[in-house]
Amino acid sequence: MNDGYREVLAIDFDNTIVNNVNSYPDIGYPIIGSKEFLKELHKKGYKILIFSSRLCKEMAPTDTVRNYMIKKIDKYMKQNDLYYDEIAMPEEGKPRILALVDDRAIHFDGNYAAIINKIDQMYETKLKTPRNLAIDEWLDAMSKPKKREILMKSLSRKMMLEEKNDRERTSQ
């Protein structure tokens with residue numbers, strides 16, 4: 001399901017892998033320990049996705065600028081021997097945000113060893129969590145055409161029933 005990887009990790013670029021205080025649009029220097037951090041995650045079998053608000057529409061308003069920034073990050077990562085599998089960015093890019101609130105977020109405090117420990121704990125917990133097993137089963141079923149068709153029909157019926165119930169409730 002994860003192309004042979006243990007799991008996928010999304011890691012921010014600016015001020016997590018490289019120090020970019022007052023250097024944008026240039027790229028600053030690698031944060032001490034980031035190279036070893038990325039290599040350790042790779043050694044453990046994780047797929048590493050690098051993402052950055054440099055690629056959001058506000059900061060890279062055209063495909064030309066966005067592609068230039070992706071190439072710039074790629075070149076920087078390779079020149080500095082910073083391991084990654086992919087520079088992944090949804091079409092809208094990473095939003096410029098105050099904070100990320102997510103059940104899988106890990107606060108970057110500069111202590112890469114502690115982050116690796118947290119990732120390992122999350123992975124071990126995930127293996128034992130029924131919710132994640134249900135998600136894995138759903139994704140597995142969605143990858144099989146016949147099962148997917150059955151699930152989609154069932155979901156479609158459920159959605160129509162919920163919409164009908166909502167309309168009836170609002171009309172009362």
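Before any of the text, the structure's been laid out above.
None of the values given here were measured: they were computed from a predicted structure.

Basis of the calculations
Throughout, a residue's number is its position along its own chain's written sequence, starting from 1. With the structure being a predicted model, the display of local features is reserved for residues of pLDDT at least 70 and the display and counting of side-chain atom pairs for 80 or more, all residues being used for whole-chain, interface and lining totals. Calculated side-chain values reflect all of the structure's heavy atoms, with hydrogen atoms and water omitted. Buried means the residue's accessible area, taken with a 1.4 Å probe over protein chains only, is under 20% of the maximum for its type, while exposed means over 50%, and partly exposed covers the values in between. Strands here are runs of E lasting at least two residues and helices are runs of H or I lasting at least four, both read from the DSSP assignment and numbered beginning at the N terminus. In this description, the arc belongs to the directions extending from the helix axis to the C-beta atoms. Aromatic pairing here means that ring centres of Phe, Tyr or Trp (its six-membered ring) are within 6.5 Å. Orientation follows from the plane angle: under 30 degrees is stacked, over 60 is edge-to-face, and everything else is tilted. We call a charge positioned above a ring when the Lys NZ or Arg CZ atom is no farther than 6 Å from the ring centre and deviates by at most 35 degrees from the ring normal.

Engineer: Quick rundown of helix α1 (residues 34-43)? Include the residues and the values.
Structural biologist: All of the buried residues along α1 are Ser34, Phe37, Leu38 and Leu41. Looking straight down α1, one finds that the buried residues subtend no more than 95° of arc, so they occupy a single side. In α1, the exposed positions that point more than 90 degrees away from the buried face belong to Glu36 and Lys43. Just past α1, the residue Gly45 takes up positive phi, approximately 95°.

Engineer: Outline unusual backbone geometry, supporting the account with residue identities and numerical values.
Structural biologist: A positive phi angle, close to 65°, is found at Asn15, a residue other than glycine. Here Asn15 is to be found in the loop between β1 (8-12) and β2 (18-19). With phi around 55°, Asp81 is a residue other than glycine that occupies positive phi space. Within the element layout of this structure, Asp81 appears in the loop between α2 (63-79) and β5 (86-87).

Engineer: How would you explain the packing of aromatic side chains if you had to name every residue and give the values?
Structural biologist: Scanning the model with the defined rule gives four aromatic pairs in all. Measuring from centroid to centroid gives 6.4 Å for Tyr46 and Tyr123, while their planes differ by 90°, and the two rings are edge-to-face. Of this pair, Tyr46 sits in the loop between α1 and β4 (47-51) while Tyr123 sits in helix α3 (residues 112-128); the two residues are 77 residues apart in sequence, bridging distant segments of the chain. With relative accessibility at 1%, the residue Tyr46 sits in the buried group. The exposure class of Tyr123 is buried, given its relative accessible area of 17%. Aromatic ring contacts, followed pair by pair, group Phe37, Phe108 and Tyr112 into a single cluster. Between the NZ or CZ atom of Arg6 and the centre of the ring of Tyr123, over which it lies, the distance is 3.8 Å.

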